[in-house]
Amino acid sequence: MSTSTPPAEHPNVRRVASFEELLTTPFADGVNALCWERTLAGDYAGVIEKLALPGGIIPVEDLLLEETSWSPACQMAVDAMLADLDLLRRHGLFSELNGITGYERDEDPGLLRTDVYSFHVDTATDEADTWLCTYLGPSSEGLGKDQARRRVDDPAVRAILLKDYGGPDDAGFLEYLADHCYDLHYDPLPGASPFTFGVGNLWRIAVDYPGNSASPCVHRAPESLPGSPARLLLIA
């Protein structure tokens with residue numbers, strides 16, 4: 001797999017120039033990810049340093065509001081993040097801001113790895129999109145659908161899963177795959193070139209839900225390195 005490419009250079013990504021465009025532009029012509037590229041001012045590293053978060057995934061909105069001694073540069077960063085939260089909520093989107101030092105990882109992945117460090121698609125029972133913005137730290141990566149293969153479509157993997165299921169490749173097997181989220185995870189094809197979501201950019205990506213004609217966006221969380229600073233991530 002080759003080095004990540006900027007979002008503007010990937011055929012499955014469309015750049016937009018405003019939040020309104022991000023909200024209203026349809027997924028079409030193979031595009032399943034929309035990116036509002038932004039350069040945000042403020043000291044986001046200073047924010048995360050002052051918060052001194054424990055490990056894991058910590059909601060930080062209340063912490064940002066409770067702190068009253070921000071430097072001017074940190075306050076600028078805080079204001080930008082809170083403004084994004086408010087903007088999304090005013091448009092009916094449930095959103096949260098997290099400080100993340102790492103996600104739970106499949107220590108024993110069993111038959112198939114299904115943590116967020118694996119390329120996967122998001123799902124919903126009704127019409128929905130996923131919204132993302134990384135303010136600090138490594139960002140998520142996306143992968144073109146034509147550069148990815150579902151792991152369960154690999155004959156060798158499918159044979160292993162069928163053996164565990166203990167039955168024929170039928171509707172019950174498909175339900176077994178869905179129950180374990182095996183059908184949501186992908187491997188890059190040889191020569192695949194993922195794209196980076198970047199820092200400060202606000203994204204809207206396609207989700208797999210009944211009746212959606214757009215291909216869901218294959219993506220993954222960045223690997224967390226020991227000792228690396230926490231990420232600041234907006235998700236809706």
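Going by the annotation in an unreviewed UniProt entry, the name recorded for the chain is DUF1826 domain-containing protein, with Luteolibacter yonseiensis given as the source organism.

Moving on, we get to the pattern of salt bridges. If you walk through the whole model with that rule in mind, you get 12 salt bridges. With a closest N to O distance of 3.1 Å, Asp 153 and Arg 150 form a salt bridge. The exposure class of Asp 153 is partly exposed, given its relative accessible area of 38%. Linking Arg 158 and Asp 153 is a salt bridge whose minimum nitrogen-to-oxygen distance equals 3.9 Å. Classification of Arg 158 by relative accessible area gives buried; the value is 17%. Taken together, the salt bridges that share partners define one network made up of Arg 150, Asp 153, Arg 158 and Asp 169.

A separate point is the packing of helix H2 (residues 44–51) against helix H4 (residues 72–90). Viewed as axis vectors pointing N to C, H2 and H4 meet at an angle of 95 degrees, and their least axial separation amounts to 8 Å. On the basis of their axis angle, the class for H2 and H4 is roughly perpendicular. For the pair H2 and H4, contact is made by Tyr 44, Gly 46 and Val 47 and by Cys 74, Ala 77, Val 78, Ala 80 and Met 81, respectively. Its residues assigned to classes, the contact of H2 with H4 shows seven nonpolar, one polar and no charged.

Here we come to the nonpolar core. One finds Val 47, Leu 64 and Leu 232 to be the most contacted residues of the largest nonpolar core, which totals 34 residues. Of all the elements, H4 adds the most residues to this core, at eight residues. Dropping the residues within four chain positions of it, Leu 64 is found in contact with Val 47, Leu 51, Trp 70, Val 78, Met 81, Leu 82 and Leu 97. The next biggest cluster of nonpolar side chains, apart from the first, holds 11 residues, and it includes Val 13, Ala 33, Ile 205 and Leu 233.

Scoring rules and cut-offs
- Every chain is numbered on its own, with residues counted from 1 as its sequence reads.
- For a predicted model such as this one, the threshold for reporting local features is a pLDDT of at least 70, and the threshold for listing and counting side-chain atom pairs is 80 or more; totals across whole chains, interfaces and linings nevertheless cover every residue.
- Based on all heavy atoms of the structure, the side-chain values leave hydrogens and waters out of the count.
- Any carboxyl oxygen of Asp or Glu that lies within 4 Å of a side-chain nitrogen of Lys or Arg is treated as forming a salt bridge with it.
- The classification of residues rests on relative accessible area computed with a 1.4 Å probe and restricted to protein chains. Under 20% of the type maximum is buried, over 50% is exposed, and intermediate values are partly exposed.
- In this analysis, axes come from line fits to C-alpha atoms, helices being fitted only over the stretch in contact, and the angle between any two N-to-C directions falls in the range 0 to 180 degrees.
- Under the scheme used here, helices are H or I runs from DSSP no shorter than 4 residues and strands are E runs no shorter than 2 residues, and both carry numbers assigned from the N terminus.
- The cut-offs work like this: below 35 degrees is roughly parallel, past 145 is roughly antiparallel, 65 to 115 is roughly perpendicular, and the gaps in between are oblique.
- Contacts are assigned to residue pairs with any non-hydrogen atoms lying within 4.5 Å of each other.
- Lys, Arg, Asp and Glu make up the charged group, whereas Ala, Val, Leu, Ile, Met, Phe, Trp, Tyr, Cys and Pro make up the nonpolar group; the residues left over, Gly among them, are polar.
- Buried Ala, Val, Leu, Ile, Met, Phe, Trp, Tyr and Cys residues that are joined via side-chain atoms within 4.5 Å together make up what is termed a nonpolar core.

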